[in-house]
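Here are the chains, one letter per residue:
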Amino acid sequence: MTPLLAAIERERRAKLFFFVGALILLLGVLSLVQNMLVSFILAFVMYYLIAPAVDFLERRGLRRLWATVIPFLLILILATSLGVLFFPLFLSQLQTLVKAAPQYIESAAALMGRIESQISRYSAVVAGDDFHLGLQQRLTDWVSTNAEHLPTVISGSLTVILLAPFFAFFMLLDGRDFMRRLLGLVPNSLFELILNLNHQISSQMGGFIRARMIESLVVGFIVWVGLVMMGFPYALLLAVIAALLNVIPYVGPVVGAAPAFLIALVNGATNTELLILLTIYGTAQAIDAMILVPFLVAKIVDLHPVTVVLAILMGAQLGGVVGMIICIPVFSALKVTTIAIYRHLTHFRN
Amino acid sequence: MNFQWDNLFRSSAREQKLISKLRENMLFKDLSTRELRLVENIVNIRTYRPGEVVFRQGDAGVGMYIISKGMVNIYTEAVDAATTEVSTSQVTSLREGDFFGDLALVDPGNRRSASAVAGEETTLIGFFKPDLIEIADRNPTAGVKILLRLGEVLGVRLRETTLKISELKKDLPA
């Protein structure tokens, strides 16, 4: 190797080192500073939701700054109005549920005990006689621990609610410029690959997040309308839970519907009421699967159901509920990256 | 010398230079100053040492390069089927203002048909498919203008290739 080529190689390695270093530093800051990672994830969600509106206004001739400010102001007005309208109701339902939790847990454990004794009549006891008592203890502990942490969770949520729009605003305004500067650190030999990879991941993530958000909103809205019409308690709270958990494929809709069925069973609901409840959640999922998924999710990265379940389990292990929600986009990004790197290694080079 | 003023002046001159370089290029000829500013903020400036490879023959390409400063040599490699020896021959040398790799902007499975190597300290303006998509998203008029010019460039290249093939066919024995 000539001294000149050796110098080029040294420069390439230095650039790669700084690029990877900058990425690691960024990830380190995000994961070490409290509330930063969640704020950033939420900011990314907001970014992908608002970006089409910003691009649309820019296409209409507005400068990037105004094209960013206007949708932000509109969303702020809309969010404030919705917050004023629904947040007190949501909070009161949450408080009522927390207060009534011991009663629900007791009834749920009793119900479980009855089911256990029914099962033991037909077969050998699988989980032991005191399974329902253990479950009652675990649920009571879980609720009391979470109730204790509620002020911390609320203050953390407020930080996230304030930080996320702040980050999202600057991502929309200067994000592309920042990315260009970051890409400037990439060595020449890898530049085209990384640029293309960034574009692919970004467009797939955009489609994925927008589709999932619309799905969640529609599912949440149908569940809310249905429960209100049925006169079911905690309608808003249960609709929010259904909408949030709908983000998790396959498992989410089932877990999202479980609290409503548990409340109905504990309250001694009739078979007709249970059937109506099943119809509400079933309709929401049917509309999602038959109308929204074919039209919206067609472009989304296709992950095999087994991969999805594995990703959810890993996400839950690593990051709890947040991990479960973000694991699918993260896995999709990893899939796109792996395929692109594989193609680069096998097809890119002659 | 006041360094602050010195830097400000240099930065502004550099921006002006980039805009004028873009304006001189066939693809961006029809763009207004505002549209050129958008392109200026999107394109990628890359610097290469003498002998540094821009891309290799057979690489998947995602865009084109405009030579802002310096020189780029274009080589093709051919493998002898019998001996498996690789022979390299220089096709041409491109100078400031020239551009290459434009087919990659529209061809999804594009493979570079030749290798490009910097002949001296070289600055290239990289314009890639994601950049073209971003321009079309943010300013469709500018996107259409660029695409029309790109069509023209590819048309000229096709015409030249057809002409060459016709000439070669003439030389073939009947």
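Use the structure listed above.
This structure is a prediction, so every number in the text was calculated from the model and none was measured.

So, the packing of aromatic side chains
Counted under the stated rule, the structure contains 19 aromatic pairs over all chains. Taken together, a centroid distance of 6.3 Å and an interplanar angle of 25° make the contact between Phe44(A) and Tyr48(A) stacked. In this pair, Phe44(A) and Tyr48(A) both sit in helix 2 (residues 36-59), four residues apart, roughly one turn of the helix. Aromatic side chains Phe87(A) and Phe90(A) sit 6.3 Å apart centroid to centroid with 25° between the ring planes, which places their arrangement in the stacked category. With a gap of three residues between them, Phe87(A) and Phe90(A) both fall in helix 3 (residues 64-122), about one helical turn apart. Ring pairing ties together the aromatic residues Phe40(A), Phe44(A), Tyr47(A), Tyr48(A), Phe72(A), Phe166(A), Phe167(A), Phe169(A) and Phe170(A), which thus form one cluster. Above the ring of Phe191(A), the side-chain terminus of Arg46(B) is found at 3.9 Å from the ring centroid. When the ring centre of Phe55(B) is taken as reference, the NZ or CZ atom of Arg112(B) above it lies at 4.0 Å.

Points about the sheet that holds strand 3 (residues 63-69) of chain B
Residue and element names in this part refer to chain B. Ordered in space as 1-8-3-6, the four strands form an open sheet in which the pairing is antiparallel. The open sheet has two free edges, formed respectively by strand 1 (44-48) and strand 6 (99-100), since each of these has just one partner strand. Here strand 1 runs beside strand 8 (residues 122-128); their pairing, made up of five bridges, is antiparallel. By the bridge assignment, Thr-47 is partnered in strand 8 with Thr-123. Contacting strand 1, strand 3 and strand 8, helix 3 (residues 129-138) runs over the sheet at an angle of about 55° to strand 8.

Concerning the environment of Gly126(B)
Looking at the secondary structure, you find Gly126(B) in strand 8. Residue Gly126(B) is classed as buried on the basis of its relative accessible area, which comes to 0%.

With respect to helix 6 (residues 235-245) of chain A
Within helix 6 of chain A, eight of the 11 residues are buried, which leaves it mostly tucked inside the rest of the structure. All buried positions along helix 6 of chain A are accounted for by Ala235(A), Leu236(A), Leu237(A), Leu238(A), Ala239(A), Ala242(A), Ala243(A) and Leu245(A).

Observations concerning the sheet that holds strand 5 (residues 86-95) of chain B
All names here are of chain B. With antiparallel pairing, the four strands of this open sheet are ordered in space as 2-7-4-5. A strand with exactly one partner marks an edge of an open sheet, and here the two such strands are strand 2 (53-55) and strand 5. Adjacent strand axes in the sheet meet at a mean angle of 30° when their direction is disregarded.

Quick look at the interface of chain A and chain B
Listed as interface residues are 28 residues of chain A and, on the opposing side, 32 residues of chain B. When the two sides are added together, the surface that chain A and chain B hide from each other amounts to roughly 2600 Å², 45% of it contributed by carbon and sulfur. Between chain A and chain B we count five salt bridges in total. Salt-bridge contacts for Glu134(B) lead to Arg180(A); the nearest nitrogen and oxygen are separated by 3.3 Å. There are 16 residue pairs in polar contact (both at pLDDT 80 or more) connecting chain A and chain B. For the side of chain A that touches chain B, the elements supplying multiple residues, two or more each, are helix 1 (3-32), helix 2, helix 4 (131-183), helix 5 (188-230) and helix 9 (305-348) of chain A. When residues in the side of chain A that touches chain B are grouped by element, the largest group, six residues, is from helix 5 of chain A. Each residue belonging to the side of chain A that touches chain B can be placed in one class, and the counts come to 10 nonpolar, seven polar and 11 charged.

Conventions we followed
Residue numbers restart at each chain and count upward from 1, following the sequence in its written direction. Numbering of ligands from 1 and lettering of chains from A proceed in the order in which they are written. Note on the predicted model: pLDDT of at least 70 is required for a residue's local features to be given, and 80 or more for side-chain atom pairs to be given and counted; whole-chain, interface and lining totals, by contrast, use all residues. By convention in this description, side-chain values take in all heavy atoms of the structure and omit both hydrogens and water. Here a pair means two rings of Phe, Tyr or Trp (six-membered ring of Trp) with centres within 6.5 Å. Their orientation is stacked below 30 degrees between planes, edge-to-face above 60, and tilted elsewhere. A run of H or I in DSSP becomes a helix once it reaches four residues, and a run of E becomes a strand once it reaches two; helices and strands are each numbered from the N terminus. Placement of a positive charge over a ring is assigned whenever Lys NZ or Arg CZ falls within 6 Å of the ring centre and within 35 degrees of the normal to the ring plane. What makes two strands pair is DSSP finding at least two bridges between them. Residues count as neighbours in contact if any of their non-hydrogen atoms are within 4.5 Å of one another. Comment: axis = line fitted to C-alpha atoms, over the contacting stretch for helices; angle = value between 0 and 180 degrees taken between N-to-C directions. Think of it in three bands: residues with accessible area under 20% of the maximum for their type are buried, residues over 50% are exposed, and the middle band is partly exposed, with areas taken using a 1.4 Å probe on protein chains only. For any pair of parts, buried area is found by adding up, for both, the accessible area (1.4 Å probe) each one loses once the two are put together. Whenever Lys or Arg places a side-chain nitrogen within 4 Å of a carboxyl oxygen from Asp or Glu, that contact is recorded as a salt bridge. Definition of a polar contact: a pair of N or O atoms within 3.5 Å, with one able to donate and the other able to accept a hydrogen when the atoms are protein atoms, and with sequence-neighbouring residues admitted only if both atoms are side-chain atoms. For this classification, Asp, Glu, Lys and Arg are treated as charged, while Ala, Val, Leu, Ile, Met, Phe, Trp, Tyr, Cys and Pro are nonpolar and the rest, including Gly, are polar.

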